[in-house]
Amino acid sequence: NVALTSFATIAVGAVSCALAGLWSLRAGRDILPGSAVAAEVALLISLVCCLLAPAYQYMSQGVFLFYLLVWGSAVVADSAQFSSLCAMYACPSLVGTALTLTTCVGFAITIISIQLI
């Protein structure tokens, strides 16, 4: 069922977003805040999923569903962490502008990527 698979792929992002937020409170290195570590891991997972994308046609339905859920989790989790980093490091008087700009850039990249496919 395409509709249910699409819903699950997007909805799993809510759970991963919350889990990444909780993890970012505990994660972190000497220099990087926890949000940066969580965003880095989410981007790495997303990169691996992206590189595996050409192989989707050879995956069984179960493996493909798992692949979509993992990728959906990673894509949503990194967005919230980047917003957190932006709000943390932007000049206080420009936080709203910085968040708006980064959100617009993110959506533009998404739209262009979808159109290219």
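Residues numbered from 1 in each chain as written. Predicted model: local features only at pLDDT ≥ 70, side-chain atom pairs only at ≥ 80, totals over all residues. Heavy atoms only, no water.

Q: Got a minute to help me understand the environment of Tyr 89 in this structure?
A: Relative to the elements of secondary structure, Tyr 89 occurs in helix α3 (residues 61-89). Each C-alpha atom, one on Tyr 89 and one on Ala 77, is 19 Å from the other, the two residues being 12 residues apart in sequence. (Helix = DSSP H or I, 4+ residues; strand = E, 2+ residues; numbered from the N terminus.)

Q: How should I be thinking about the side chain of Ser 73 in this particular structure?
A: Relative to the elements of secondary structure, Ser 73 occurs in helix α3. The buried category is assigned to Ser 73, whose relative accessible area is 16%. If we skip the residues at most four places from it in the chain, Ser 73 touches Val 12, Gly 13 and Ser 16. (Buried < 20%, exposed > 50% of the residue type's maximum accessible area, 1.4 Å probe, protein only. Contact = heavy atoms within 4.5 Å.)

Q: Any chance you could explain helix α2 (residues 34-52) here in plain terms?
A: Since the α-helix turns once every 3.6 residues, residues separated by three or four places project in the same direction. Its 19 residues give α2 an end-to-end C-alpha distance of 27 Å, which sits within 8% of 27 Å, the value for a rise of 1.5 Å per residue. Within the sequence span of α2, burial applies to Gly 34, Ser 35, Ala 36, Val 37, Ala 38, Ala 39, Ala 42, Ser 46 and Cys 49. (Expected span 1.5 Å × (residues − 1).)

Q: Before we go on, may I ask you to explain a nonpolar patch on the surface in this structure?
A: A cluster of nonpolar side chains, namely Leu 44, Leu 47, Val 48, Leu 51 and Leu 52, defines an oily patch on the protein surface of about 470 Å² accessible area. The topology assignment puts Leu 52 in helix α2. (Patch = residues over 30% accessible without salt bridge, like charges linked within 9 Å, V, L, I, M, F, W, Y side chains within 5 Å. Areas by Shrake-Rupley, 256 points an atom, 1.4 Å probe, with all protein chains shown as cover. Salt bridge = Lys/Arg side-chain N within 4 Å of Asp/Glu carboxyl O.)

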